[in-house]
Amino acid sequence: MRIHYYSLNKVSPTVGFREAVIHGQAPDKGLYFPSHIPQVDKQIFTHIEALDDAEICFRVIQPYVNGEIPDEALFTIVQQTIAFPLPLVQVTSHIASLELFHGPTWAFKDVGARFMSRCLGYFTRQHKLNTGKAQKIVVLVATSGDTGGAVAAGFEGVEGVEVVILYPSGKVSKVQEQQLTTQGQNIHAIEIEGSFDDCQQMVKHAFADMALRSRVFLTSANSINIARWLPQQFYYFLAWKQWQDKDHPPVISVPSGNFGNIGAGLLAYAGGLPVQHFIAACNLNDVVPRFLQTGKYEVHKAIPTLSNAMDVGDPSNFIRILTLFEHRLDNLKNVLSAYSISDDETLQTMRRVYRNYGYLTDPHGAVGMLALERYMQAHPGRKGYFLETAHPVKFPDAVAEVMKDKIPAPSGLEALMQRPKKAIKARADNAWLRDFLESL
Ligand SMILES: *Cc1c(COP(=O)(O)O)cnc(C)c1O
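The structure displayed is predicted, hence computed values, not measured ones.

> Please explain the overall build of the protein as it appears in this structure.
Per the secondary structure count, the protein includes 20 helices and 13 strands. Relative to a compact globule of 440 residues, whose C-alpha radius of gyration would be 22 Å, the protein shows 21 Å and is just as compact. Taken over the C-alpha atoms alone, the protein extends approximately 60 × 55 × 45 Å along its principal axes. Per-residue burial for the protein yields a buried fraction of 58% across its 440 residues. Element-wise, carbon and sulfur atoms account for 50% of the exposed surface of the protein, whose accessible area totals about 18,000 Å². In the protein, which carries 42 positive and 43 negative side-chain charges, the distance between the mean positions of the two groups comes to 2 Å.

> What is the right way to read the sheet that holds strand β11 (residues 336-340) from this model?
Whenever strands of a sheet pair, they do so through backbone hydrogen bonds, lying parallel or antiparallel. If you trace the 6 strands from one edge of the open sheet to the other, you get β3-β4-β12-β9-β10-β11, paired in mixed fashion. The two strands at the open ends of the sheet, each matched to only one other strand, are β3 (88-90) and β11. When the angles between neighbouring strand axes are averaged without regard to direction, this sheet yields 25°. Pairing geometry for β3 and strand β4 (residues 95-99), over 3 bridges, is antiparallel. Looking at the pairing, Q90 lines up with A96 of β4. Across the face of the sheet, helix α12 (residues 260-270) comes into contact with β9 (251-255), β10 (277-282), β11 and β12 (384-388) while running at roughly 175° to β10.

> Could you clarify how one ought to interpret the site of the ligand in this entry?
Taken together, 15 residues surround the ligand, and among them K109, D146, G257, N258 and T389 come closest. Contacts to the ligand include D146, whose side-chain N or O atom sits 2.7 Å from an oxygen atom. G257 places a main-chain nitrogen or oxygen 2.8 Å from an oxygen atom of the ligand. Its residues assigned to classes, the shell around the ligand shows 6 nonpolar, 7 polar and 2 charged.

> I tried to follow helix α8 (residues 196-208) on my own but got confused; where do I start?
Residues three or four positions apart in an α-helix share a direction because the helix packs 3.6 residues into each turn. If you check α8, its first and last C-alpha atoms are 18 Å apart, about what 13 residues at 1.5 Å a residue would give, namely 18 Å. Of the residues making up α8, those classed as buried are C199, M202, V203, A206 and F207. One side of α8 holds all its buried residues, which, seen down the axis, span an arc of 135°.

> What's the story with the sheet that holds strand β8 (residues 217-220) in this structure? I'm lost.
If you walk across this open sheet you meet the 5 strands as β8-β5-β6-β7-β13, and the pairing is parallel. For this open sheet the edge positions go to β8 and β13 (423-427), each flanked by a neighbour on one side alone. With strand direction ignored, the average angle separating the axes of adjacent strands in the sheet is 30°. This element, helix α6 (residues 146-155), spans β5 (137-142), β6 (161-168) and β7 (187-193) of the sheet and lies at about 160° to β6. Helix-sheet contacts for α8 involve β5, β6, β7, β8 and β13, and the interaxial angle to β5 is about 150°.

Calculation notes
- Residues numbered from 1 in each chain as written.
- Predicted model: local features only at pLDDT ≥ 70, side-chain atom pairs only at ≥ 80, totals over all residues.
- Heavy atoms only, no water.
- Helix = DSSP H or I, 4+ residues; strand = E, 2+ residues; numbered from the N terminus.
- Rg over C-alpha atoms; globule rule 2.2 N^0.38 Å.
- Buried < 20%, exposed > 50% of the residue type's maximum accessible area, 1.4 Å probe, protein only.
- Areas by Shrake-Rupley, 256 points an atom, 1.4 Å probe, with all protein chains shown as cover.
- Lys, Arg positive; Asp, Glu negative; His and termini not counted.
- Charge placed at Lys NZ, Arg CZ, Asp CG, Glu CD.
- Pairing = 2+ DSSP bridges.
- Axes fitted to C-alpha atoms, helices over the stretch in contact; angles between N-to-C directions.
- Contact = heavy atoms within 4.5 Å.
- Near = heavy atom within 4 Å.
- Polar contact = N/O pair within 3.5 Å; in protein donor to acceptor, adjacent residues only side chain to side chain.
- Nonpolar A, V, L, I, M, F, W, Y, C, P; charged D, E, K, R; others polar.
- Expected span 1.5 Å × (residues − 1).
- Arc of directions from axis to C-beta.

What follows is the structure, encoded as structure tokens:
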């Protein structure tokens, strides 16, 4: 049975993989969702240790792509997507850390950004081959930090794609700023004199400008794009390959903001991945923990915290999770628990984990760790892992509160900090952005 993608707003027509990737969001503003969840071949699980990582990931994603990228090209894309280690590292006797920060921008978003950029690159090349005409796609994205760097690195040099990244001046960390402003080529970093909300508002305004969109082919690279969402399943399968106690599947704790990452985990579970239980680990932005408790879904303005990549007051991917569970709260609660962790608790956890186990987490990972410990207190004897979603070096201020020694820097940090910054400064002005996009 072929998979197609329908809009969760149920007005726009269904589309194939390519259309869903190129447009990002359905015309009715709904998120795309697969028409059914393909079951992963059971054989994968009986001898997963013997399978190559790329082979496992290829088998997971192939049904979703539906032949719209031929197997050979898709296999290469998968290989390139996971061309860095994704190790499961033991922290305590019962808790491990799935380190997702060994990619080029030291955060898990590298996985989705690399997959998406290569899919788009494939589609623009095909278009040129088929029609003889180049199709220029402009990827427009607002970032509060990690998305920008991952997208810049993922799309660098991709033919036929121009990338425009808006970020709030002075509100991203130095490392994050270097990662999104030093690429050049087809990557255009715009430093907005305003907040992240201003940046997001400008992006929304541009997407709603139909006259602009008739002249410029705009798409988004935010986490709702299925080409960023679906490949996030990969590391849940690769963690299972590394999981020792196959008779007792893991409890998995996922630091969550927009709920794309944990949504991909739940999708993998729906496709057959063995998991004991999922935990949505949130900071003070607790829409989902409250919802699981009260059944009321109340969005709010984002609250700034130390784990700022999770400062989301209206998580856009949660609707996909509800859809997976057919909007049945009791079914969802059987599989998912959620905790809200304060900044003080985050710092205490970073300190305690470093002191007791010699393991340094970043603030997001610490939220994941503490949420997992809370769950285990209520369910003794279980084992699990949390996702370490970013390298601590990206959050030097929080880490400085925890330890005096210098953070062991990932290779390439020094070179990165010395690269010249190339950013265009602009006010939060919609007309300016329109003119800029038309000039590309
Ligand atoms: C984006 C991000 C998150 C949140 O992931 P979602 O998929 O939005 O829930 C968590 N940690 C880090 C470091 C991130 O960059």
